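# Per-entry structural report
Spelled out from the first residue to the last, the chains are:
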Amino acid sequence: MIPPSHPRYRSLMKREHLAHCAKNGIVSLEGLTAHGRGEAFDYLIGERTMDSALLAERTSAALLLSARQPVISVNGNTAALAAPQIAALQKACGAKVEVNLFHWTPSRVLAIEDLLRNAGSQVFSGTYEQLLPLPHDRAWCRRDGMYSADVVLVPLEDGDRCGALAEMGKTVIAIDLNPLSRTARTANLTIVDELTRALPQITRACTELTQSERDHLITSLDNHYLLTEAIREMTMRLSHALD
Ligand code: PTJ
């Protein structure tokens with residue numbers, strides 16, 4: 001039992017939940033180590049949304065709202081941590097929700113799809129084919145889903161698929177606490193923020209942005225600037241960490 005008075009209560013509860021989801025197959029064992037890496041970066045930014053991330057979140061709302069066919073790609077960690085937030089974002093921006101896994105098995109796909117449906121998402125499912133130019137199971141996707149998308153939101157991604165989607169001409173929005181990762185540097189837009197903070201901010205922006213704000217955010221998108229700012233904000237915090 002973790003007492004609610006524990007100073008790290010929320011973080012410890014998240015770990016408990018992920019460990020439970022690893023036992024029932026939603027989260028891969030590798031997903032637990034990915035979460036640990038994310039936690040470390042979240043420490044460095046003070047477990048709060050940085051100004052640069054807020055700008056990235058608003059820009060990502062603009063891209064999703066302006067897309068012809070936006071898709072939210074969901075893996076095990078994302079489903080375990082944020083199934084209700086995915087459903088809320090889908091309602092706000094009209095994107096398809098599609099499961100895409102690195103550690104792919106048909107039964108894992110079905111379990112994650114069920115979890116998402118139970119949390120309120122309309123999941124785009126059906127026949128999957130090996131359509132992405134990748135030498136591993138992340139190549140599996142749906143022809144009328146991710147394969148045909150123009151904008152894809154990829155939380156907790158690996159750099160390979162991010163690169164493959166970008167090479168296919170899609171606009172890739174990544175959510176990744178590590179601003180140095182290959183994913184962060186390959187995506188068209190990188191949100192350096194924790195998933196469960198980032199998704200509600202994107203959803204809120206979807207309901208707030210006017211057409212002219214959307215246009216302005218899209219035309220002024222500069223991912224190099226956003227990453228540089230994220231690293232600057234992180235460094236500033238570190239240099240005053242013991243003050
Ligand atoms: O469910 P599967 O089989 O598709 O596997 C998914 C994992 C997460 C195992 C796979 O995508 C993977 O290996 O990811 P990586 O390459 O470890 O990258 C995950 C990135 O997400 C790292 O840079 C972490 O810092 C970051 N990250 C982890 N947790 C969070 C996060 N970013 C935002 N919010 C988090 N909660």
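Look up: the structure comes first, before these words.
Below, the structure is looked at part by part. Computed from a prediction, not measured in an experiment: that's the story for all the values here.

## A closer look at the sheet that holds strand β5 (residues 151–155)
The five strands are arranged β2-β1-β5-β6-β7 in an open sheet whose pairing can be described as parallel. With partners counted over all chains shown, the strands left at the sheet margins are β2 (96–99) and β7 (189–191), one partner each. Taken over all neighbouring pairs, the strand axes of this sheet differ in orientation by 20° on average, direction set aside. Direction of pairing for strand β6 (residues 171–175) relative to β7: parallel, over a ladder of three bridges. Across the sheet, the residue bridging to A174 is T190, located in β7. Along the sheet, helix α8 (residues 195–208) makes contact with β5, β6 and β7, crossing β6 at roughly 130°.

## Observations concerning the site of the ligand
Looking at the ligand, there are 24 residues lining it, with F102, H103, R108, D176 and E194 nearest. L156 places a main-chain nitrogen or oxygen 3.0 Å from an oxygen atom of the ligand. Here L195 contributes a backbone N or O atom positioned 2.9 Å from a nitrogen atom of the ligand. The protein chains hide 93% of the 750 Å² of surface that the ligand would expose on its own. Using a 2 Å cut-off from the grid points, one finds that the ligand occupies the largest pocket. Of all the elements in the fold, those that place two or more residues in the shell around the ligand are α2 (29–44) and α4 (76–93). When residues of the shell around the ligand are assigned to their parent elements, the largest contribution, six residues, is made by α2. Looking at the shell around the ligand, its residues break down into seven nonpolar, nine polar and eight charged.

Cut-off values and rules
- Residues numbered from 1 in each chain as written.
- Predicted model: local features only at pLDDT ≥ 70, side-chain atom pairs only at ≥ 80, totals over all residues.
- Heavy atoms only, no water.
- Pairing = 2+ DSSP bridges.
- Helix = DSSP H or I, 4+ residues; strand = E, 2+ residues; numbered from the N terminus.
- Axes fitted to C-alpha atoms, helices over the stretch in contact; angles between N-to-C directions.
- Contact = heavy atoms within 4.5 Å.
- Near = heavy atom within 4 Å.
- Polar contact = N/O pair within 3.5 Å; in protein donor to acceptor, adjacent residues only side chain to side chain.
- Areas by Shrake-Rupley, 256 points an atom, 1.4 Å probe, with all protein chains shown as cover.
- 1 Å grid on protein atoms, 1.4 Å probe; cavity = no way out; pocket = protein on both sides within 12 Å on 5 of 7 lines; lining within 4 Å.
- Sits in = over half its atoms within 2 Å of the grid points.
- Nonpolar A, V, L, I, M, F, W, Y, C, P; charged D, E, K, R; others polar.

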